[in-house]
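Observations on the three-dimensional arrangement
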Amino acid sequence: MMSTYTRRRLTDAPFLAAATGATPSRRPVWFMRQAGRSLPEYRELRAGIGMLESCFDPELVCEITMQPIRRHGVDAAILFSDIVVPLKAAGIDLDIVPGVGPVVAAPVRTHDDVRALPRLRPEEVHAVTEGVRLLTDALGQTPLIGFAGAPFTLASYLVEGGPSKHHERTKAMMHADPKTWHELLGALTDITIVFLQAQLAAGVDAVQLFDSWAGALSLADYRTFVLPHSERVFAEIADAGVPRIHFGVGTGELLGAMGEAGADVVGVDWRVPLTEAVRRVGAGKALQGNLDPAILFAGPEAVEAEARRIAREADQAITMGAAGHIFNLGHGVLPDTDPGVLTALVELVHEL
């Protein structure tokens, strides 16, 4: 998809500098799930409005994305959306059930189910791209990160019918019917590419691919059943020339392979020190992370001590070959997090 949009020139943005191997003016910081449940202004705005309904309202998308920028002064905004938005837009019958997560009305379990999956057309995510256009006007010099769910994580929801602890149906399809599995991931890769290309055409400054559930896999299974599809996503958006971030939870054993998928930045959860992450990912890529979100409940002294440790490890990782460091949590902001703690953390990271 060719863009008619002229991307903003954000030459001084610390987030973009760190992501591309340049020297940022300060250590950049943003938080996964920085917009949303932890903010009282978000809860007030969303009262009585369903999650998916919010994601398809451009004005709401813009306002919710802006809230943590105003409150915390983070170095990047991440588009308010959900990884199942492109599936919903394409016509798959699903809903996000409060307290549960995405629930799929008719799970995808057979070859015929896969063949029946709809394709995504760019115009079906017009509400999202309109939200992006509103944001590029509202954000000034702050970069906007677009995102999508990786094909494996989307497949897990579709096959299981919703969130799963053990992913038993997903793994069963992989191993018992690899042909159907790869056809499913091929279809989801197409959807993911269209969704990201639409965001890029509308003006996002970076993209993050969330493989939230990839940590459930062995390295061998990841390489065989997942990596080729994630590689295709990153390859198809390479020409946009924006930083590409790859992140999963519990993916310490997969970091090397995830780095191979083609991202410029690899997100690291809190289980693996950044000095070890650079060994696994290899030199030449930036790292993002990796404060444990639960530490934010431990009081200011503990938060400061952990933030300083991560900054030291990040600086050491850079001397070991990492291209840069973007401070983040090792996963999303937890719903009961005190927003004031996040604001204080941003101020601290900017001093480190």
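Going by an unreviewed UniProt entry, the protein carries the name Uroporphyrinogen decarboxylase and comes from Nocardia bhagyanarayanae. The Catalytic activity (unreviewed entry) comment attached to the protein in UniProt states, word for word, "uroporphyrinogen III + 4 H(+) = coproporphyrinogen III + 4 CO2". We quote the UniProt Pathway (unreviewed entry) comment for the protein here in full: "Porphyrin-containing compound metabolism; protoporphyrin-IX biosynthesis; coproporphyrinogen-III from 5-aminolevulinate: step 4/4."

1. Structural notes on the UniProt feature "domain: Uroporphyrinogen decarboxylase (URO-D)" (unreviewed entry) in the protein
Sites flagged by UniProt as "domain: Uroporphyrinogen decarboxylase (URO-D)" (unreviewed entry) map to residues 28-37 and 145-161. For residues 145-161, the end-to-end C-alpha separation is 28 Å, with 59% helix and 29% strand making up the annotated structure.

2. Things to note about the pattern of salt bridges
Two side chains with opposite charge may pair up if their charged atoms get near one another. Summed over all chains, the structure comprises 17 salt bridges. Across the salt bridge formed by glutamate 124 and arginine 121, the nearest N and O atoms sit 3.4 Å from each other. Its salt-bridge partner being arginine 308, residue glutamate 304 comes within 2.9 Å of it at the nearest N-O pair. Of this pair, glutamate 304 and arginine 308 both sit in helix H15 (residues 300-319), four residues apart, roughly one helical turn. In this structure, a network of salt bridges that share partners links the residues Arg121, Glu123 and Glu124.

3. A closer look at the packing of H15 against helix H16 (residues 339-351)
One can describe the packing of H15 onto H16 by two numbers: an axis separation of 11 Å at closest approach and a directional angle of 40°. Accordingly, the angle class assigned to the pair H15 and H16 is oblique. Crossing of H15 over H16 shows right-handed handedness. Across the interface between the two elements, Val303, Glu304, Ala307 and Arg308 of H15 pack against Val341, Leu345 and Leu348 of H16. Grouping the amino acids of the contact of H15 with H16 by side-chain chemistry returns five nonpolar, no polar and two charged.

4. Some remarks on the nonpolar core
General note: in soluble globular proteins, nonpolar side chains tend to be found buried as a group. Of all hydrophobic cores here, the largest spans 124 residues; its most connected members are Leu184 and Leu345. Of the residues forming this core, the biggest block, 13 residues, is contributed by helix H10 (residues 178-202). Beyond its immediate stretch of four places on either side in the chain, leucine 184 contacts Val108, Val114, Leu117, Ala155, Leu158, Val159 and Met173.

5. Structural notes on the side chain of asparagine 328
Mapped onto the elements, asparagine 328 comes out in strand E9 (residues 325-329). Taking relative accessible area as the criterion, asparagine 328 reaches 0% and is therefore assigned buried. A polar contact of 3.1 Å, which involves the side chain of asparagine 328, links it to the backbone oxygen of tryptophan 30. Not counting chain neighbours up to four residues away, the residues in contact with asparagine 328 comprise Trp30, Phe31, Met32, Gln288, Gly289, Asn290 and Leu291.

6. Describing unusual backbone geometry
With an omega of -5°, the peptide bond running from glycine 289 to asparagine 290 counts as cis. Looking at where asparagine 290 falls in the secondary structure, it is placed in strand E8 (residues 286-291). Positive phi outside glycine occurs at arginine 33, with the angle close to 60°. Looking at the secondary structure, you find arginine 33 in the loop between helix H1 (14-19) and helix H2 (40-46). By relative accessible area, which is 46% here, arginine 33 ends up partly exposed.

7. A look at the packing of aromatic side chains
Counted by the stated rule, this structure contains five aromatic pairs. A centroid spacing of 5.3 Å and a plane angle of 80° characterise the contact between phenylalanine 147 and phenylalanine 210, whose relative ring orientation is edge-to-face. Of this pair, phenylalanine 147 sits in strand E4 (residues 144-149) while phenylalanine 210 is found in strand E5 (residues 206-210), placing the two residues 63 residues apart along the sequence. In terms of burial, phenylalanine 147 and phenylalanine 210 fall into one category: buried. Relative to tryptophan 213, the ring of tyrosine 157 lies with its centre 6.4 Å away and its plane at 70°, an arrangement referred to as edge-to-face. Of the two residues, tyrosine 157 is situated in helix H8 (residues 151-160) and tryptophan 213 in the loop between E5 and helix H11 (219-225); the sequence distance between them amounts to 56 residues.

8. So, the sheet that holds E9
Note on sheets: strands pair through backbone hydrogen bonds, and any given pair is parallel or antiparallel. The strand order across the open sheet formed by seven strands is E1-E4-E5-E6-E7-E8-E9, and the pairing between neighbours is parallel. Here the strands that pair on one side only, and so sit at the sheet edges, are strand E1 (77-78) and E9. Judged from the five bridges that link them, E4 and E5 form a sheet pairing that is parallel. Opposite alanine 148, over in E5, you have leucine 209 as the bridge partner.

9. Quick look at a nonpolar patch on the surface
On the surface, Val97, Val100 and Val103 cluster together into a nonpolar patch covering about 190 Å² of accessible area. Within the secondary structure layout, valine 97 lies in strand E2 (residues 94-97). Valine 97 gets classed as partly exposed once you look at its relative accessible area, which sits at 32%.

Conventions adopted
- Residues numbered from 1 in each chain as written.
- Predicted model: local features only at pLDDT ≥ 70, side-chain atom pairs only at ≥ 80, totals over all residues.
- Heavy atoms only, no water.
- UniProt positions renumbered as here; feature names shortened; annotations may be inferred.
- Helix = DSSP H or I, 4+ residues; strand = E, 2+ residues; numbered from the N terminus.
- Salt bridge = Lys/Arg side-chain N within 4 Å of Asp/Glu carboxyl O.
- Axes fitted to C-alpha atoms, helices over the stretch in contact; angles between N-to-C directions.
- Parallel < 35°, antiparallel > 145°, perpendicular 65-115°, else oblique.
- Left-handed = near helix turned anticlockwise from the far one by under 90°.
- Contact = heavy atoms within 4.5 Å.
- Nonpolar A, V, L, I, M, F, W, Y, C, P; charged D, E, K, R; others polar.
- Core = buried A, V, L, I, M, F, W, Y, C linked by side-chain atoms within 4.5 Å.
- Buried < 20%, exposed > 50% of the residue type's maximum accessible area, 1.4 Å probe, protein only.
- Polar contact = N/O pair within 3.5 Å; in protein donor to acceptor, adjacent residues only side chain to side chain.
- Phe/Tyr/Trp six-rings, centres within 6.5 Å; stacked < 30°, edge-to-face > 60°.
- Pairing = 2+ DSSP bridges.
- Patch = residues over 30% accessible without salt bridge, like charges linked within 9 Å, V, L, I, M, F, W, Y side chains within 5 Å.
- Areas by Shrake-Rupley, 256 points an atom, 1.4 Å probe, with all protein chains shown as cover.

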